Amino acid sequence: MSGLKLPISLEFFPPKTPEGAEKLRGVRQALYGLKPEFCSVTYGAGGSTQEGTFSTVSAILNEGVAAASHFSCIGATKASVREELATLKAMGVKRLVALRGDLPSGYGAGGEFHYASDLVAFIRAETGDDFHIEVAAYPEIHPQAKSPEADLQAFATKVKAGANSAITQYFYNSDAYFRFVDDAYKLGVDVPIVPGIMPITSSSQLLRFSDACGAEIPRWIRLRLQGYGDDIDSIKAFGLEVVSDLCEQLINGGVPAIHFYTMNQSAATLSVLSALKSR
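For every chain, the first residue of the written sequence is number 1, and numbering continues from 1 onward in sequence order. The predicted nature of this model means local features are confined to residues of pLDDT at least 70 and side-chain atom pairs, given and counted, to a pLDDT of 80 or more, with totals for whole chains, interfaces and linings taken over all residues. Heavy atoms from the whole structure form the basis of all side-chain values; hydrogens and water molecules are not counted.

Undergrad: Would you mind showing me how to read the sheet that holds strand β6 (residues 165-170) here?
TA: Strands pair in a sheet through their backbones, by hydrogen bonds, and they do so in one of two ways: parallel or antiparallel. Pairing in this closed barrel of 8 strands is parallel, and the strands run β1-β2-β3-β4-β5-β6-β7-β8 around the ring. Neighbour-to-neighbour, the strand axes of the sheet open up by a mean angle of 30 degrees, direction not taken into account. Alignment of strand β3 (residues 67-72) against strand β4 (residues 95-99), held across 5 bridges, turns out to be parallel. Across the sheet, the residue bridging to F71 is A98, located in β4. Every residue pair with non-hydrogen atoms within 4.5 Å of one another is taken to be in contact. Helix axes use the C-alpha atoms of the stretch in contact, all axes being lines fitted to C-alpha atoms, and the angles between their N-to-C directions lie in the range 0 to 180 degrees. Strands here are runs of E lasting at least two residues and helices are runs of H or I lasting at least four, both read from the DSSP assignment and numbered beginning at the N terminus. Against the sheet, helix α3 (residues 78-91) touches β3 and β4, its axis set at about 175 degrees to β3. Sitting on the sheet, helix α4 (residues 116-127) is in contact with β3, β4 and β5 (132-137), with an inclination near 145 degrees to β4. For two strands to be treated as a pair, DSSP must find at least two bridges joining them.

Undergrad: Whenever I open this one, the pattern of salt bridges confuses me. Can you help?
TA: One side chain can pair with another of opposite charge once the charged atoms of both are near each other. Salt-bridge detection follows one rule: a side-chain nitrogen of Lys or Arg within 4 Å of a carboxyl oxygen of Asp or Glu. In the structure shown here, the tally under the stated rule is 10 salt bridges. Note that K186 and D183 form a salt bridge whose closest N and O atoms lie 3.9 Å from each other. Here K186 and its partner D183 are both found in helix α6 (residues 174-186), 3 residues apart, which amounts to about one turn of the helix. Buried means the residue's accessible area, taken with a 1.4 Å probe over protein chains only, is under 20% of the maximum for its type, while exposed means over 50%, and partly exposed covers the values in between. For D183, a relative accessible area of 26% puts it in the partly exposed group. In this structure, D211 and R222 form a salt bridge, with 3.7 Å as the shortest nitrogen-oxygen distance. Here the residue D211 occupies a position in helix α7 (residues 203-213), and R222 occupies one in helix α8 (residues 219-227), the gap between them amounting to 11 residues. Overall, D211 belongs to the exposed group, its relative accessible area being 56%. Linked by salt bridges that have partners in common, E37, R95 and E134 make up one network.

Undergrad: Would you take a moment to explain the nonpolar core for this structure?
TA: Nonpolar side chains tend to gather and get buried jointly when the protein is soluble and globular. F155, Y172, I193 and F260 are the most contacted members of the largest nonpolar core, which has 78 residues in total. Ranked by residues supplied to this core, first place goes to helix α9 (residues 232-252) with 7 residues. What we call a nonpolar core is a set of buried Ala, Val, Leu, Ile, Met, Phe, Trp, Tyr and Cys residues that are connected through their side-chain atoms within 4.5 Å.

Undergrad: Whenever I open this one, the side chain of H70 confuses me. Can you help?
TA: With respect to the helices, strands and loops of the structure, H70 is situated in strand β3. N or O atoms closer than or at 3.5 Å make up a polar contact, with two conditions inside protein: a donor-capable atom paired with an acceptor-capable one, and, for residues adjacent in sequence, both atoms drawn from side chains. Reaching out from H70, the side chain makes a polar contact with the side chain of E11 at a distance of 3.3 Å. Non-local contacts of H70, meaning those with residues more than four positions away in its chain, are made with E11, S40, V41, T42, Y43, T53, V97 and L99.

Undergrad: Would you explain unusual backbone geometry in this entry?
TA: Glycine aside, negative phi is the norm for most residues, and most peptide bonds take the trans geometry. In this model, M263 sits at a positive phi of 55 degrees, which is unusual for a non-glycine residue. By the secondary structure assignment, M263 is in the loop between β8 (258-261) and α10 (267-277). When its relative accessible area of 22% is taken as the criterion, M263 is described as partly exposed. Positive phi values are uncommon outside glycine, yet N264 reaches one of about 60 degrees. With respect to the helices and strands, the residue N264 is situated in the loop between β8 and α10.

Undergrad: Is there a simple way to explain the environment of L61 in this structure?
TA: Positionally, L61 belongs in helix α2 (residues 50-62). Taking relative accessible area as the criterion, L61 reaches 22% and is therefore assigned partly exposed. For the pair L61 and V97, spaced 36 residues apart in the sequence, the C-alpha separation amounts to 16 Å. Beyond its immediate sequence surroundings of up to four residues, L61 is in contact with A66, A67, M91, G92 and V93.

In short, shape yes, function no, at least from these values alone.
This is how it looks when you write it as structure tokens:
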């Protein structure tokens, strides 16, 4: 149905209420027609959503779709990570998205892991090839990086610690992605780097997210979105055009797959894929 010749994957976040869980079930069913390679589920700061993450992962597996659990290590101990890996393995999880993660506010650094590369190396040492390990990539540079060079080196270190592939932070400038991939490959990175795509459905939400995570909204997009004010239909139509164009540039450039940040909604992702199919 996707009309694409390359794999896609989808990201969800764990719902906070039974109503949210029910709604997400419907969203997933609407998106399964796209035949996703896997669906990933995010993990709150300091593991604050672990129960919700694992139960959502379990629900996806029970629906016959491969599920990847986000897995963050900040504030964790080797013993706690070992225990969680055993839980996930017993559930039938075959794929992890290994992240450093954020500490809940008010906590000190703590824990036995300082970087995502430490976590990747530990998972490999403990479980061999039991898990396909994804790591995060930042084409527009991690907001806490000391420099672009340091960020690239940190990424290469994660991959060399044993990652199988990477998923990027979302972006709206394909040049940033292609340059990042070229630079990473020059450092010896040899795994697929999959672009993460955020459909545009709300200008205020997108601007808030982007300011928080360091994703760049090009000025022309920002100004157009602000110019639409509260006109939701115009924002969605413009967002669809921008994101479809971006995906087309990425596909033409030879990306290995596309990962969609669904925000627990189905309509925007389905619209983008439908638009690509009709081009």
